[in-house]
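# Summary of the model geometry
Read off the chains here:
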Amino acid sequence: MLQRVQTVYLVVVVLLGALLPSFVSLWTDVNDVVVFAKDTILVSIAFYVSAALAIVAIFLFKNRKNQFVVNRLNMILNLFLLGFFVYRSLNLSGESNISEKGIGMLIPVFSIVFLTLANRAIKKDEDLVKSVDRLR
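The structure presented is a predicted model; accordingly, all values stated were derived computationally and were not measured.

## Things to note about a nonpolar patch on the surface
A cluster of nonpolar side chains, contributed by I103, L106, V109, F110 and V113, occupies part of the molecular surface with about 410 Å² of accessible area. With respect to the helices and strands, V109 occurs in helix α5 (residues 107-135). Taking relative accessible area as the criterion, V109 reaches 31% and is therefore assigned partly exposed.

Following this line, the structure appears as structure tokens:
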């Protein structure tokens, strides 16, 4: 379980989803109020669900097909989160005063990249097991 490379990728997704949104700002409002994920309840729930799905995927190491599916669901959740951030950033830019976009809006992008790498490693393991089964 822990010696597989996809576990490392999934642990990075857990850290990105559970810890980083608390420390990195998502955006700054017109009133110079820095908004973190914990300030917006739906965004924080989405980040925590993403981290929970990554933890579930880590413990599904015996069933690689289910692990692959859970990672895909996590990617879809992160795409919705990224879509929300894009929508929010487009609304922020239309203000009369300039507001700042935070680096925290890129967290779903990094999560999707690491989930894709994990799925590639899972597929590689599945292909290896299938090739060994053919030799028997």
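## Topic: the pattern of salt bridges
What the rule picks out here adds up to three salt bridges. Here R4 and D125 are joined by a salt bridge, their closest N and O atoms 3.2 Å apart. Within this pair, whereas R4 is found in the segment before α1 (5-18), its partner D125 is found in helix α5, the two being separated by 121 residues in sequence. Accessibility expressed as a relative area gives 15% for R4, which makes it buried. Overall, D125 belongs to the partly exposed group, its relative accessible area being 23%.

## Description of the packing of aromatic side chains
Counted under the stated rule, the structure contains three aromatic pairs. With 6.2 Å between their ring centres and 40° between their planes, Y9 and F114 make a pair best called tilted. In this pair, Y9 is assigned in helix α1 and F114 in helix α5, connecting sequence segments 105 residues apart. F114 sits in the partly exposed class, given a relative accessible area of 24%. Centre to centre, the rings of F84 and F85 are 5.8 Å apart; their planes meet at 50°, and the pair counts as tilted. Look at F84 and you get partly exposed, because its relative accessible area is 32%. Here the aromatic residues F47, F84 and F85 are joined through ring pairs into a cluster of three or more. One cation-aromatic arrangement involves K38 over F36; the distance from NZ or CZ to the ring centre is 5.8 Å.

## Some remarks on the side chain of R64
Of note, R64 is situated in helix α4 (residues 64-92). Engagement of the side chain of R64 in a polar contact is seen with the side chain of E126, the distance being 2.8 Å. With near-sequence residues (within four places) excluded, R64 lies in contact with R4, I122, D125, E126 and V129.

## Considering α1
An ideal rise of 1.5 Å per residue puts 20 Å on 14 residues; α1 measures up with 20 Å between its terminal C-alpha atoms. Residues Q6, T7, L10, V13, V14, L16 and G17 constitute the buried set of α1.

## Points about the environment of V12
Residue placement: V12 occurs in helix α1. According to the relative accessible area criterion, V12 is partly exposed, its value standing at 26%. Separated by 42 residues in sequence, V12 and A54 have C-alpha atoms that sit 9.1 Å apart.

## Observations concerning helix α3 (residues 41-58)
Helix length check: α3, at 18 residues, gives a terminal C-alpha distance of 26 Å against a target of 26 Å (1.5 Å per residue), a fit within 8%. Taken residue by residue, α3 has V43, S44, A46, F47, S50, A51, A54, A57 and I58 as its buried positions. Projected onto a plane normal to the axis of α3, the buried residues spread over an arc of 160° and lie on a single side. Facing away from the buried side of α3 by over 90 degrees, the exposed positions are I41 and L42.

Definitions and limits used
- Residues numbered from 1 in each chain as written.
- Predicted model: local features only at pLDDT ≥ 70, side-chain atom pairs only at ≥ 80, totals over all residues.
- Heavy atoms only, no water.
- Patch = residues over 30% accessible without salt bridge, like charges linked within 9 Å, V, L, I, M, F, W, Y side chains within 5 Å.
- Areas by Shrake-Rupley, 256 points an atom, 1.4 Å probe, with all protein chains shown as cover.
- Salt bridge = Lys/Arg side-chain N within 4 Å of Asp/Glu carboxyl O.
- Helix = DSSP H or I, 4+ residues; strand = E, 2+ residues; numbered from the N terminus.
- Buried < 20%, exposed > 50% of the residue type's maximum accessible area, 1.4 Å probe, protein only.
- Phe/Tyr/Trp six-rings, centres within 6.5 Å; stacked < 30°, edge-to-face > 60°.
- Lys NZ or Arg CZ within 6 Å of the ring centre and 35° of its normal.
- Polar contact = N/O pair within 3.5 Å; in protein donor to acceptor, adjacent residues only side chain to side chain.
- Contact = heavy atoms within 4.5 Å.
- Expected span 1.5 Å × (residues − 1).
- Arc of directions from axis to C-beta.

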